[in-house]
Amino acid sequence: MSPILQSHLTPQFPRFGTTRREMLVSLSSGIGWLAFAALAQNGRGATGQDEPLRAHFPARAKRVIFLTMRGGPSHVDLFDYKPELIRRNGEVVRRGRDAAGAKYFGPAHGFAQHGESGHWIADTYPLLARHADDLCIVNSMHTDQPNHAQAFCQMHTGSFQFVRPSLGAWTIYGLGSESSNLPGFITLNPPADNGGAQNYGSAFLPAACQGTRLGSSQLPELYAALFKKDVAPGPPLKNLINENLTRPEQRRQVDLVRALNEHRLTQAGHQPEIEGTIESFELAFRMQAEVPEVLDLRGESEIVRKLYGVGEPNDRFARQCLLARRLAEAGVRFVEIASPTGWDHHHLLKDGLAKACSATDRPIAALLTDLKARGLLKDTLVVWAGEFGRTPYAQSGDGRDHNHRGYSIWMTGGGVKGGLRYGATDEFGHLAVVDPMHIHDWHATVLHLLGLDHKLLTFNYGGATLD
């Protein structure tokens, strides 16, 4: 190094304090670090702190059980009775560009009025019909897309274009979980298609808000035949118990991993993925103590198991409904169940609809009966919904095409007014014309029942405030 260069790099005189240049550099960096720290803190959200957000006003519901009927159930065959459609059955549709040449197709099964409310419910749902006066049926739902993947994703996240947090994730972000040993959001047997994990994901919210998936399309040991004498029940969930380490040893192992992750955080700053990993390890360790008991259906009485239909052939959905009640009772805030069969009846509507209703009628009716008997229905919001409905005209003679312009869902419990029919479609059940309710309106309603104002439930991400 030359003497001249050395003279510029090495102080030639004793220095006291800080030069003006060093002070300016330090201050500018400090301002940048302050801005970064503020952004990082905003990015944490409610679950990144010790306490979740508080409800904006008194809640009517404490938890949600979401019964997902994938495939688009035909509302005009289930909950939207249209005498004009019956009268015009077989006539050629003379309006509507998407129905040119099609023929009106009346309900595949009969309808009847039930309860003091006089709700019209199809004969294929006889047990659910006994709860007519507890149901709020929304006949004016509509969504933006008639395609399964996009509509299913929008039903869960409010958007079919962008990756957004699911309704369950927003619920956990706003309210947290009632149990410290169980996830706040659990999805049972979610479909792998139509958005997959995005339907229960947290997107830009903290990773701790995302749903915990139990089961899969293949239905592993979680739904094994627990009550058959010739079948060993086995564990309710894979890899639940570590046979190689004792619980104190596992605690030390988790502590070591946590320490390594926290050290990494001190170096890298705010990292949602690492924070989510830390929380998931801690939650998984705590779950070992409570999950086996919650998921073991053998703890239920024979009366309750028979009520749901557990132990009978094709009892997959019955087990899920019973598990949903047990999880809700144990403090899980948001539970989602996927229907065991699809409702996409482009062909053979009469037989397909009967099978889909048969697979879900008894378990759903049992769930409502059980929740009410335990005093849980009053603060548990139960929702039945598909991604869209079906057309009032025929497809291939014995089926129906997709219809996103008007369809039906129902809700009960959790402060919902039972016996109410909200909104209406036109005389054929095609378009929502009275009090139309969009997916966004429905999400806002669910959050409202939980005590959350959707306009105030926001998250600062990437320099923008998102809701």
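Source: prediction; values computed, not measured. (Residues numbered from 1 in each chain as written. Predicted model: local features only at pLDDT ≥ 70, side-chain atom pairs only at ≥ 80, totals over all residues. Heavy atoms only, no water.)

S.K.: What's the story with the overall build of the chain in this structure? I'm lost.
M.R.: Tallying secondary structure elements over the chain gives twelve helices and 17 strands in all. Taking all 467 residues of the chain together, 48% fall into the buried category. Looking at the chain alone, contacts between residues at least 24 apart form 76% of all its contacts between residues at least 6 apart. Carbon and sulfur atoms make up 53% of the accessible area of the chain, which amounts to about 22800 Å² in all. (Helix = DSSP H or I, 4+ residues; strand = E, 2+ residues; numbered from the N terminus. Buried < 20%, exposed > 50% of the residue type's maximum accessible area, 1.4 Å probe, protein only. Contact = heavy atoms within 4.5 Å. Areas by Shrake-Rupley, 256 points an atom, 1.4 Å probe, with all protein chains shown as cover.)

S.K.: I tried to follow empty space enclosed by the protein on my own but got confused; where do I start?
M.R.: It is the rolling of a water-molecule-sized probe over the atoms that shows where space remains empty. Per the counting criterion, the structure on display carries three cavities of 30 Å³ or more. In this structure, the largest cavity spans a volume of roughly 40 Å³. Phe-152, His-156, Thr-187, Pro-190, Pro-191, Gly-196, Asn-199, Tyr-200 and Glu-336 together form the lining of the largest cavity. Residue classes in the lining of the largest cavity are distributed as four nonpolar, four polar and one charged. (1 Å grid on protein atoms, 1.4 Å probe; cavity = no way out; pocket = protein on both sides within 12 Å on 5 of 7 lines; lining within 4 Å. Points joined across faces, edges and corners; volume = space filled by probe spheres on them. Nonpolar A, V, L, I, M, F, W, Y, C, P; charged D, E, K, R; others polar.)

S.K.: Could you clarify how one ought to interpret the side chain of Arg-326 in this entry?
M.R.: Along the chain, Arg-326 turns up in helix α10 (residues 316–330). Judged by its relative accessible area of 13%, Arg-326 is buried. In this structure, Arg-326 is in contact with Glu-293, Val-294, Asp-296, Leu-297, Gly-299 and Glu-300, ignoring residues within four places of it in sequence.

S.K.: Just checking my understanding: could you explain the pattern of salt bridges for this structure?
M.R.: Here the idea is simple: oppositely charged side chains can pair when their charged atoms come close. Under the criterion given, the structure shown has 22 salt bridges. A salt bridge links Asp-370 to Arg-325, with the shortest nitrogen-to-oxygen separation between them at 2.9 Å. Note that Asp-370 is positioned in helix α11 (residues 349–373) and Arg-325 in helix α10, a separation of 45 residues in sequence. Assigned by exposure class, Asp-370 and Arg-325 land together as buried. With its nearest N and O atoms 3.0 Å apart, the salt bridge here joins Arg-390 to Asp-344. Of this pair, Arg-390 sits in strand β9 (residues 389–395) while Asp-344 sits in the loop between β7 (334–338) and α11, and the two are 46 residues apart along the sequence. Overall, Arg-390 belongs to the buried group, its relative accessible area being 1%. Taking the relative accessible area as the measure of exposure, Asp-344 reaches 34% and is therefore partly exposed. (Salt bridge = Lys/Arg side-chain N within 4 Å of Asp/Glu carboxyl O.)

S.K.: Would you explain the environment of Leu-188 in this entry?
M.R.: On the secondary structure map, Leu-188 appears in strand β5 (residues 185–188). The spacing of Leu-188 and Ile-337 is 149 residues in sequence and 5.1 Å in space, taken between C-alpha atoms.

S.K.: Can you help me understand helix α5 (residues 148–157) in this one?
M.R.: One full turn of an α-helix is made of 3.6 residues, so residues set three or four places apart face in the same direction. Of all ten residues in α5, eight are buried, a share of seventy percent or more. Positive phi shows up at Gly-158, right after α5, with a value of about 85 degrees.

S.K.: Which parts of the structure should I look at to understand the confidence of the model for the chain?
M.R.: Low pLDDT means the predicted coordinates in that region are not meant to be read closely. Looking at the chain, pLDDT values average 83 and 79% of them are 70 or higher. In this model, residues 28–51 is a region of pLDDT below 50 whose contacts with residues beyond four sequence positions or in other chains number 21 contacts. Contacts from residues 229–235, a stretch scored under 50 in pLDDT, to residues over four places away or in other chains number five contacts. (pLDDT = per-residue confidence, 0-100.)

S.K.: Is there a simple way to think about the pairing of strand β11 (residues 407–412) in this case?
M.R.: Look at any regular strand and the pattern is simple: side chains alternate between the two faces of the sheet. With six of its six residues buried, β11 lies for the most part within the structure. Residue alternation in β11 divides its side chains into two sets, Tyr-407, Ile-409 and Met-411 and Ser-408, Trp-410 and Thr-412, and both sets are buried. Both strand β4 (residues 135–142) and β11 contribute to a ladder of five bridges, which runs antiparallel. Within the sheet, the bridge partner assigned to Ile-137 lies in β11 and is Trp-410. Here strand β8 (residues 380–385) pairs with β11 via three bridges, running antiparallel. (Pairing = 2+ DSSP bridges.)

S.K.: How should I be thinking about unusual backbone geometry in this particular structure?
M.R.: Among all residues except glycine, the phi angle is most often negative; among peptide bonds, the trans geometry is most common. At Ala-203, a position not held by glycine, the phi torsion is positive, near 50 degrees. With respect to the helices and strands, Ala-203 occurs in the loop between β5 and β6 (212–214). According to the relative accessible area criterion, Ala-203 is partly exposed, its value standing at 36%. The backbone phi angle of Ser-396 is positive, close to 60 degrees, even though this residue is not glycine.

S.K.: Any chance you could explain the nonpolar core here in plain terms?
M.R.: Generally speaking, soluble globular proteins have nonpolar side chains that are buried together. Among the nonpolar cores identified, the biggest contains 54 residues, and Ile-65, Leu-67, Tyr-125, Trp-384 and Trp-410 are the most heavily contacted of them. Discounting chain neighbours no more than four positions away, the residues touching Tyr-125 are Leu-78, Phe-79, Trp-343, Cys-357, Thr-360, Asp-361, Ile-364 and Trp-384. With 39 residues, the next largest nonpolar core counts Ala-61, Ile-172, Tyr-173 and Cys-209 among its residues. (Core = buried A, V, L, I, M, F, W, Y, C linked by side-chain atoms within 4.5 Å.)

S.K.: Any chance you could explain a nonpolar patch on the surface here in plain terms?
M.R.: Residues Leu-431, Val-433 and Val-434 make up a contiguous nonpolar surface patch of roughly 220 Å² in combined accessible area. The residue Leu-431 is located in the loop between β13 (424–425) and β14 (432–434) in this model. For Leu-431, a relative accessible area of 35% gives the class partly exposed. (Patch = residues over 30% accessible without salt bridge, like charges linked within 9 Å, V, L, I, M, F, W, Y side chains within 5 Å.)

S.K.: Would you explain the pairing of β7 in this entry?
M.R.: Burial runs high along β7: five of the five residues are buried. Residue alternation in β7 divides its side chains into two sets, Phe-334, Glu-336 and Ala-338 and Val-335 and Ile-337, and both sets are buried. Of the strand pairs in this sheet, strand β1 (residues 63–68) and β7 are connected by five bridges, and their pairing is parallel. Of the residues in β7, the one forming a bridge with Val-64 is Phe-334. In terms of strand pairing, β5 meets β7 through four bridges, oriented parallel. The residue bridging Leu-188 from the neighbouring strand is Ile-337, located in β7.

S.K.: Explain the packing of aromatic side chains here, please?
M.R.: The geometry of two aromatic rings is summed up by the distance between their centres and the angle between their planes. Applying the stated criterion across every chain yields a total of 14 aromatic pairs. Ring geometry for Trp-170 and Tyr-173: centres 5.8 Å apart, planes at 75 degrees, overall edge-to-face. On the criterion of helical spacing, the pair formed by Trp-170 and Tyr-173 is a turn pair, its members being three residues apart in helix α6 (residues 167–175). The buried category is assigned to Trp-170, whose relative accessible area is 8%. On the accessibility criterion, Tyr-173 (5% relative accessible area) is buried. Summarising the aromatic geometry, the rings of Trp-343 and Trp-384 are spaced 6.1 Å apart at their centres and angled 85 degrees between planes, so their arrangement reads as edge-to-face. With Trp-343 in the loop between β7 and α11 and Trp-384 in strand β8, this pair connects stretches of sequence that are 41 residues apart. Judged by its relative accessible area of 1%, Trp-384 is buried. (Phe/Tyr/Trp six-rings, centres within 6.5 Å; stacked < 30°, edge-to-face > 60°.)

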